[in-house]
Amino acid sequence: MPVYDMGISSNGLGGRTTTLQFFIPTSPWQRSENLNWQHQLCKNPKPNPDIKTLFVDHSCGQSNGARAPSPVTNPLMGSIPKVGGFPPIGGPTPFQHAPAPLTNSLAGWMANPSSVPHQAVSVGPMGLTPPNHAVSMLKRPRTPPTNNPALDYQTADSEHVLKRSRPFGMPEEVNSLPVNILPVVYPSQSHAHSSYSADDLPKTVVANLNQGSGVKSMDFHPVQQTLLLVGTNIGEVSVWDVSSSEKLVFRNFKVWELGSCTMTLQASLANEYTASVNRVMWSPDGSIFGVAYSKHIVHLYAYYGSDDLRNHLEIDAHVGSVSDIAFSHPNKQLCIITCGEDKTIKVWDALSGAKQYTFEGHEAPVYSVCPHYKENIQFIFSTAVDGKIKAWLYDNMGSRVDYDAPGHSCTTMAYSADGTRLFSCGTNKDGESYIVEWNESEGAVKRTYLGLGKRSVGVVQFDTTKNRFLAAGDEFKIKYWDMDNVNLLSTIDADGGLPASPCIRFSKEGTLLAVSTSENGVKILTNAEGIRVMRSVENRAGAASKAPMIGTFGASGSAVGTSVSADRSSPRSAVIALNGDCRNLPDAKTRISDELEKSKIWKLTEISEQSQLRSLRLPDSLLSVRIIRLIYTNSGGAILALAYNAVHKLWKWQRSERNVTGKATTAVPPQLWQPSSGILMTNDISETNLEEAVPCFALSKNDSYVLSASGGKISLFNMMTFKTMTTFMPPPPAATILAFHPQDNNVIAIGMEDSSIQIYNVRVDEVRSKLKGHQKRVTGLAFSNALHLLVSSGADAQLCVWSLDGWEKKASKFLQIPFGRASNHLAPTRVQFHQDQTHFLVVHETQIAIYEAPKLECIKQWVPRESSPLITDATYSCDSQSIYTCFEDGSVNVFTAAGLKLRCRINPTAYLPSTPSSRVYPLVITAHPTEPHQFALGLTDGGVHVLEPLEMEGKWGTVPPQENGAGPSMSPVASGPDQSSR
């Protein structure tokens, strides 16, 4: 029985990292029996351990049945540093931070958490005093604790948030890997900001937005700097483009499904069908935004750009007013956090609306929430109107903090942009306001800023920017502070007209500031950089053709195609009643005229020269063989490729002064990574005809493992050591597509050469189900966690939908192949779900199309002209707002995802050598997981290219003018006969 060393990280919130030996059983009964390999290093092994997965570390509880002390509930954890000297691949999870003990900063707040829910903790200094300097921790060893057998002693190491520990028992050959060692960078202790000055403050009024009702909350888009989200006291929500002072879209308060609401809410609405907006906020990627209302409800909208706004979720969240909302990513799952008048905090799945947690313990209505993370510890601060501050982990163990805000004020909290400094601002019932910085290590106020009024009207709002400045709206003015100086830096009145306590909000780059006015409007203030940004946006939106390096593209090549759609309703109803929008017809006609005027000056962006984009061909010292499969790691710091010869190639970007994030970029070349052993990850190709094989792979969520096949057995590789951990399912039939189950990494969907789909459990080496519905090999698989279904596609150009409950087939449909367009009888069909987990992209050599699950309704279809080259691959951008499509002539088209409108064409001359061969073109394309405008191409010559737009442009082209003034439509394609009947 072969034995392999494998480090596996615990998923627990302070679970230690260990190195285990992985035994590869040679028979099914051995594989099931010997899962107990995870059990061998437990400190308190149980007689009958419950081991559920190959992919998650296992540990038993204490032998007496009590739960082992959690780091977050142990006062010692705050003072125990971590092991040092570990390569950046993070031990067992090479591209993801391993769960670490609670940091000093958070441990200070949570040093004496309650062991039972809702118990109040100390009043005085909270937590143990940390070392005065990180370097002292490195030089001064600590005495191992003797009073807690559940804690392993660890030597000191840096407190830097990105540094990770080396597991005990890590094999030396792994620990001394020769490449990709992270430079040790310690966070600045002085917070010096010599590169900033007071001139960086936005002080110049450049726009006045007439909102029409009292502004209660605002938030700038995280990517599109000039988009401002506004919520008002009558329940109106608007998206503005501040560069043009145009209100792009708005919605009035309306309950979408009244019958699904609680009787309490229905009774409240019966008395008064109005509500105020308390808070608006964009999600981290800007694809959705949330609205908290004064009556029970939270609305989530999906935003597709321009005026394309769609209802996503309606949550009856709290009894009474919903005070605040915030987004977070516990366990890499986008969630929305809400708090309210009912004294609770709740966490909801932002895709499905399912409630994840309810936190109870406040004795007064909860006023605000502030989620954050440090050292991979996810937590939430909450504040109540009685001035109490609490902190929570994503568990059911109650609050870890019970502390008083300065002056018992009603407070909001916020971190600096780099997440290293914590601030709060609030006003008490006597009108006294406080803005302070906290010492997280002690749970005490570090500095109190001077200059706030003593008789504030309402709760003073504040914001932070650039890790340097604080701003608050107070006494009819905007007040600025340098974070390192308690005295006022500057005050401005924004040309007058501000209310006593105006609402304020910085843009994410700090170049713009929005402030509410007493006349139901918003003023936009900017600095010199903000003026440049606004002018740049105006120029790109209205005069793209004037850009010196960007030409226009005529009706040639693969850029020209047919966009097929049929409106669901008449143009009149589409304009007047789109998504409940109550615009009147004259306004709609005006908008149509504006759009027609814009269409006269809009021209397709064509990129033909290398100076018009940023591109990087990844360095490669191995044999150059055409790239068949390509994917970014989930962390975004590496690219994995599978070549025709069954060899995998892994490129990693290292952190450096030029690349502080360590993410993939065209600015810095990555390293073609190999372990010190020099082995390659190579698929089994014994008795395989490579010309007939259909290579495939799937990457685990934590980037630790890759499943792969090239016509032979399926191999499971360790991404850190490149070792083959096991092989299974020898052909025939051969695997042609692989996908991990979204809820269980032990379960894999495997599409086969014989047209079947096998649902295989790795843990027990068993095929649980065999799905039959395709007529040719299966070439695409995509799971929807929200809809609880699997969509498959095949070389038969057929789509099938399968329920995850019982795996029965729910629907099937053949693609609508364009008339007169010949298609390869084995051409693959691929599928990929949109962020909303309902719509999905279908890619075939003759078309790209958007379908809606589970009914398989074709919403939109784009077909190249008959003389155009074939499509080789396509993918959504990470924010699902663009679709990148590559062709056999080497070109790449960028479409809007909502309407399949071509916005940019990249010619091969822009990224290939000046005289590119007609035989070199991209076979595969993949999108960066967090950078929406970056993608990578795998070429027929074995090259991998990463492409990004120019920094001054920021995106690929401009969005085409809207059709009929109603925004990009996603209307169903006119139905035709099934392809099977032709």
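The structure we're discussing is the one just above.
Residues numbered from 1 in each chain as written. Predicted model: local features only at pLDDT ≥ 70, side-chain atom pairs only at ≥ 80, totals over all residues. Heavy atoms only, no water.

Trainee: Hey, could you go over the overall build of the protein chain for me, with residue numbers and the actual values?
Mentor: A tally of regular secondary structure across the protein chain gives eight helices and 61 strands. By the burial criterion, 58% of the 982 residues in the protein chain qualify as buried. Intrachain contacts of the protein chain at a sequence separation of at least 6 include 56% that bridge at least 24 residues. A total of about 38800 Å² of accessible surface is found on the protein chain, and carbon and sulfur atoms cover 50% of it. (Helix = DSSP H or I, 4+ residues; strand = E, 2+ residues; numbered from the N terminus. Buried < 20%, exposed > 50% of the residue type's maximum accessible area, 1.4 Å probe, protein only. Contact = heavy atoms within 4.5 Å. Areas by Shrake-Rupley, 256 points an atom, 1.4 Å probe, with all protein chains shown as cover.)

Trainee: Any details on the side chain of glutamine 837? Residues and values, ideally.
Mentor: With respect to the helices, strands and loops of the structure, glutamine 837 is situated in the loop between strand S51 (830-833) and strand S52 (839-844). Residue classification places glutamine 837 among the buried residues on the basis of a relative accessible area of 14%.

Trainee: Outline the packing of aromatic side chains, supporting the account with residue identities and numerical values.
Mentor: Summed over all chains, the structure comprises 20 aromatic pairs. Aromatic rings pair up to connect Trp256, Trp282, Phe289, Tyr301 and Tyr303 into one cluster. The lysine or arginine in question, arginine 626, covers the ring of tyrosine 644, its NZ or CZ lying 4.0 Å from the ring centre. Geometry around tryptophan 673 places lysine 652 over its ring, the cationic atom sitting 3.7 Å from the centre. (Phe/Tyr/Trp six-rings, centres within 6.5 Å; stacked < 30°, edge-to-face > 60°. Lys NZ or Arg CZ within 6 Å of the ring centre and 35° of its normal.)

Trainee: I'd like a description of the nonpolar core, backed by residues and values.
Mentor: Counting residues in each nonpolar core, the largest one holds 29 residues, and the members touching the most others are Ile336, Ile345 and Ile380. Looking at this core, the elements that each hand over two or more residues are strand S9 (288-293), strand S10 (297-303), strand S11 (309-316), strand S12 (322-328), strand S13 (335-340), strand S14 (344-349) and strand S16 (366-374). In contact with isoleucine 345, not counting residues within four places along its chain, are Ile337, Thr338, Cys339, Tyr357, Thr358, Phe359, His362, Val366, Val369, Ser382 and Trp392. Counting 22 residues, the second largest nonpolar core, distinct from the first, contains Phe253, Val255, Cys261 and Val280. (Core = buried A, V, L, I, M, F, W, Y, C linked by side-chain atoms within 4.5 Å.)

Trainee: Can you break down the pairing of strand S18 (residues 388-393) residue by residue, with the values?
Mentor: In terms of residue burial, S18 counts as a mostly covered element, since five of its six residues are buried. Note that strand S17 (residues 377-384) and S18 share five bridges and pair antiparallel. Note on S18: the bridge partner recorded for phenylalanine 379 is leucine 393. Here S17 folds back onto S18 in antiparallel fashion, the turn holding three residues, of which glycine 387 has a positive phi close to 90°. (Pairing = 2+ DSSP bridges.)

Trainee: Hey, could you go over the sheet that holds strand S15 (residues 355-360) for me, with residue numbers and the actual values?
Mentor: Strand order in the open sheet formed by four strands is S12-S13-S14-S15, and the pairing between neighbours is antiparallel. Since the sheet does not close on itself, it has two edges, and those belong to S12 and S15, each with one partner. Within this sheet the neighbouring strands show an average axis-to-axis angle of 15°, counted without direction. Where S13 meets S14, five bridges bridge the pair, whose relative direction is antiparallel. Paired with isoleucine 336 across the strands is tryptophan 348, a residue of S14. (Axes fitted to C-alpha atoms, helices over the stretch in contact; angles between N-to-C directions.)

Trainee: Explain the pattern of salt bridges residue by residue, including any values.
Mentor: In total, this model carries 23 salt bridges according to the counting rule given. One salt bridge connects lysine 388 with aspartate 404, and the closest N-O pair in it is separated by 2.7 Å. Within this pair, whereas lysine 388 is found in strand S18, its partner aspartate 404 is found in strand S19 (residues 403-404), the two being separated by 16 residues in sequence. Look at lysine 388 and you get partly exposed, because its relative accessible area is 27%. (Salt bridge = Lys/Arg side-chain N within 4 Å of Asp/Glu carboxyl O.)

Trainee: So what's going on with the sheet that holds strand S8 (residues 277-282)? Which residues, and what values?
Mentor: Across the sheet, which stays open at both edges, the four strands sit in the order S8-S9-S10-S11 with antiparallel pairing between neighbours. Of all the strands in the sheet, the pair left with one neighbour each is S8 and S11. Across the sheet, the mean angle separating the axes of adjacent strands is 20° when strand polarity is ignored. Across five bridges, S8 lies against S9 in antiparallel orientation. Residue pairing for S9: valine 280 is matched across the bridge by valine 291.

Trainee: Describe the side chain of serine 243, listing the residues and the values that go with them.
Mentor: Mapped onto the secondary structure, serine 243 falls in the loop between strand S6 (237-241) and strand S7 (246-251). In this structure the side chain of serine 243 is engaged in a polar contact, spanning 2.6 Å, whose partner is the side chain of aspartate 241. (Polar contact = N/O pair within 3.5 Å; in protein donor to acceptor, adjacent residues only side chain to side chain.)

Trainee: Before we move on, could you go through the pairing of strand S25 (residues 469-474) and cite the residues and values that matter?
Mentor: Counting buried residues in S25 gives six out of six residues, a clear majority hidden from the surface. Of the two faces of S25, the one holding Phe469, Ala471 and Gly473 and the one holding Leu470, Ala472 and Asp474 are both buried throughout. When strand S24 (residues 462-465) meets S25, the two strands line up antiparallel, connected through four bridges. Within S25, the residue paired with threonine 464 across the bridge is leucine 470. Here S24 hands over to S25 after three residues, with lysine 466 in that stretch at a positive phi of 55°. Remark: two residues form the turn of the hairpin made by S25 and strand S26 (residues 477-482), two consecutive strands paired antiparallel; glutamate 475 in that turn has positive phi of roughly 55°.

Trainee: I'd like to hear about the environment of phenylalanine 289, residue by residue, with values.
Mentor: Structurally, phenylalanine 289 can be placed in strand S9. A relative accessible area of 0% means that phenylalanine 289 is categorised as buried. Apart from the residues lying within four places of it in its own chain, the contact partners of phenylalanine 289 are Leu229, Val237, Val239, Met281, Trp282, Ser283, His299, Leu300, Tyr301, Leu309 and Phe327.

Trainee: Report on the environment of asparagine 718, specifying residues and quantitative values.
Mentor: In this structure, asparagine 718 sits in strand S41 (residues 714-718). A sequence separation of 11 residues divides asparagine 718 from leucine 707, and the C-alpha atoms of the two residues are 9.3 Å apart.

Trainee: Mind laying out the environment of glutamate 948, listing which residues take part and the relevant values?
Mentor: With respect to the helices and strands, glutamate 948 occurs in strand S61 (residues 944-949). For glutamate 948, a relative accessible area of 9% translates into the label buried. Between the C-alpha atoms of glutamate 948 and glutamine 612, which are 336 residues apart in sequence, the distance is 9.9 Å. Filtering out sequence-adjacent residues up to four positions away, glutamate 948 remains in contact with Leu613, Arg614, Thr665, Thr666, His933, Gln934 and Trp956. Polar contacts involving the side chain of glutamate 948 include one to the side chain of threonine 666, which spans 2.7 Å.

Trainee: Tell me what's going on with unusual backbone geometry, and back it up with residues and numbers.
Mentor: A cis amide bond, omega -5°, links proline 731 with the succeeding residue proline 732. Of the consecutive residues alanine 853 and proline 854, the connecting peptide bond is found in the cis state with omega at 5°. In this fold, proline 854 is placed in the loop between strand S53 (847-852) and strand S54 (857-864). Phi angles above zero are rare outside glycine, and histidine 296 is one such case at about 65°. Residue histidine 296 is classed as buried on the basis of its relative accessible area of 5%. Here the phi dihedral of alanine 797 falls at roughly 60°; this positive angle occurs in a residue that is not glycine. Note on alanine 797: relative accessible area 11%, which makes it buried.

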